[in-house]
Amino acid sequence: MNGLTVGELCCLFCCPPCPSRIAAKLAFLPPEPTYTIVTDETGTKGTLNLTERAEWQYSDRELESIEVFYTRNKRGNRTACMFVRCAPNPKYTLLFSHGNAVDIGQMSSFYIGLGSRINCNIFSYDYSGYGASGGKPLERNLYSDIDAAWQALRSRYGISPESIILYGQSIGTVPTIDLAARYECAAVILHSPLMSGMRVALPETKKTWWFDAFPSIDKVSKVSSPVLVIHGTEDEVIDFSHGLAIYERCPRTVEPLWVEGAGHNDVELYGQYLERLKQFITQELPNMSVS
């Protein structure tokens, strides 16, 4: 999400405004795909092939820890999924909804590093129109995409909701909150969340209009799982006030992580990021239970 000029805002909120157009203009920047998936004869198993755009190439050992396959969402779009085995006996698996302008090929090295450090496996997927996923990047497809990922994680790997942590980053917090408002799980992590599309484009917006996109602020009060909110105080894309508002609206929060001086894309570089995740997953969550 980027700052918009007056002309762009006029074009954006044309009459009549269309939520999917607003969403596309505000948020969706799918990169050139950084990977392909080659499936076997049955179509159930795939091999990950990274292109040079991925800026990282896996070793044979790392490749063995990554499983890729396709599923389909309820709208009929093909959804590319990735399961990264990072730990031998993990208590939790992260269902990770990544940020904008990346795909799971680019994120795979980050997933391996993160999962191994917090002792969790990581399951991720690409939104419609991203990576090897089909369809177009539309708001309504986001919700179908995460539904398909949730069902695949549960049915293919037999992982129960009490062992799943939903992790959303930036635009990924939108489908994460939507799913968490409908299903209970072990926990939810919201990394640089946004209240709604209009509140990003027009910070003075105080209410959710019918044509607003990504109205997470109106859904988050329905999330009954424990929520950890993470946000940089100098976020230049999604203002820190969004993280504060989301935190205040959540019914069941833990101590948030406000990363002093961090922007939108560098929170992970601060030491307290990993420390807070470890504390939350290894110390706080075991003492909580799905009600």
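Residues numbered from 1 in each chain as written. Predicted model: local features only at pLDDT ≥ 70, side-chain atom pairs only at ≥ 80, totals over all residues. Heavy atoms only, no water.

Quick notes on the confidence of the model for the protein chain
At step 1: Within the protein chain, residue pLDDT values average 88, and 90% of them lie at 70 or more.
At step 2: Taken as a whole, residues 6-17 scores under 50 in pLDDT and shows 19 contacts with residues more than four places along the chain or in a different chain. (pLDDT = per-residue confidence, 0-100. Contact = heavy atoms within 4.5 Å.)

Section: the environment of F96
At step 1: Locating F96 in the fold gives a position in strand β5 (residues 93-97).
At step 2: A residue is classified by how much of its surface remains accessible, and F96, at 0% relative accessible area, is buried.
At step 3: Spatially, the C-alpha atoms of F96 and Y167 are 4.7 Å apart, while their sequence positions differ by 71 residues.
At step 4: Residues within four places of F96 in sequence aside, it is in contact with M107, F110, Y111, L114, I122, F123, S124, Y125, Y167 and Q169. (Helix = DSSP H or I, 4+ residues; strand = E, 2+ residues; numbered from the N terminus. Buried < 20%, exposed > 50% of the residue type's maximum accessible area, 1.4 Å probe, protein only.)

Details of the nonpolar core
What tends to happen in soluble globular proteins is that the nonpolar side chains get buried as a cluster.
At step 1: Membership of the largest hydrophobic core comes to 44 residues, with the highest contact counts inside it found for L95, F123, L166, F214 and I246.
At step 2: Only β4 (78-84), β6 (121-125), α5 (139-157), β7 (164-169), α6 (173-180), β8 (187-191), β9 (227-232) and α8 (240-249) provide two or more residues apiece to this core.
At step 3: In terms of residues, this core owes the most to one element, α5, which gives eight residues.
At step 4: In this structure, V84, F96, A262 and V267 belong to the second largest nonpolar core, which totals 42 residues. (Core = buried A, V, L, I, M, F, W, Y, C linked by side-chain atoms within 4.5 Å.)

Observations concerning unusual backbone geometry
At step 1: Even without being glycine, N119 reaches a positive phi, approximately 60°.
At step 2: Following the sequence through the fold, N119 ends up in the loop between α4 (104-118) and β6.
At step 3: Backbone geometry places S170, a non-glycine residue, at a positive phi of 55°.
At step 4: Here S170 is to be found in the loop between β7 and α6.
At step 5: With relative accessibility at 9%, the residue S170 sits in the buried group.

Description of the pairing of β7
At step 1: Of all six residues making up β7, six are buried, and the element is well covered by its neighbours.
At step 2: For β5 and β7, the ladder comprises five bridges, and the chain directions are parallel. For S97, the partnering residue across the bridge sits in β7 and is G168.
At step 3: Bridging between β7 and β8 involves five bridges; their strand directions are parallel. Within the sheet, the bridge partner assigned to I165 lies in β8 and is A187. (Pairing = 2+ DSSP bridges.)

Some details on the pattern of salt bridges
At step 1: Counting across every chain of the model gives five salt bridges.
At step 2: A salt bridge links R182 to D178; its shortest N-O distance comes to 2.9 Å.
At step 3: With a closest N to O distance of 2.8 Å, K219 and D178 form a salt bridge. Of this pair, K219 sits in the loop between α7 (197-201) and β9 while D178 is found in helix α6, placing the two residues 41 residues apart along the sequence. (Salt bridge = Lys/Arg side-chain N within 4 Å of Asp/Glu carboxyl O.)

Comments concerning the packing of α5 against α6
At step 1: Axis separation between α5 and α6 bottoms out at 9 Å; the angle between their running directions is 65°. In this structure, the crossing between α5 and α6 has a hand that is right-handed. Note on element contacts: α6 touches α5 through V174, P175, T176, D178 and L179, opposite L142, Y143, I146, D147 and W150.
At step 2: For the contact of α5 with α6, the residue count by class is seven nonpolar, one polar and two charged. (Axes fitted to C-alpha atoms, helices over the stretch in contact; angles between N-to-C directions. Left-handed = near helix turned anticlockwise from the far one by under 90°. Nonpolar A, V, L, I, M, F, W, Y, C, P; charged D, E, K, R; others polar.)

Brief notes about the pairing of strand β3 (residues 66-72)
At step 1: Where β3 meets β4, seven bridges bridge the pair, whose relative direction is antiparallel. Residue pairing across strands places T71 opposite T79, the latter belonging to β4.
At step 2: Count of turn residues in the β3/β4 antiparallel hairpin: five residues, of which G76 carries a positive phi of about 90°.

As for the packing of α4 against helix α9 (residues 271-284)
At step 1: Their axes nearest at 10 Å, the elements α4 and α9 cross at an angle of 50°. Relative to α9, α4 is oriented oblique. In terms of crossing hand, the pair formed by α4 and α9 is right-handed. Across the interface between the two elements, F110, L114, R117 and I118 from α4 touch Y273, L274, L277, K278 and I281 from α9.
At step 2: Class assignment for the residues of the contact of α4 with α9 results in seven nonpolar, no polar and two charged. (Parallel < 35°, antiparallel > 145°, perpendicular 65-115°, else oblique.)

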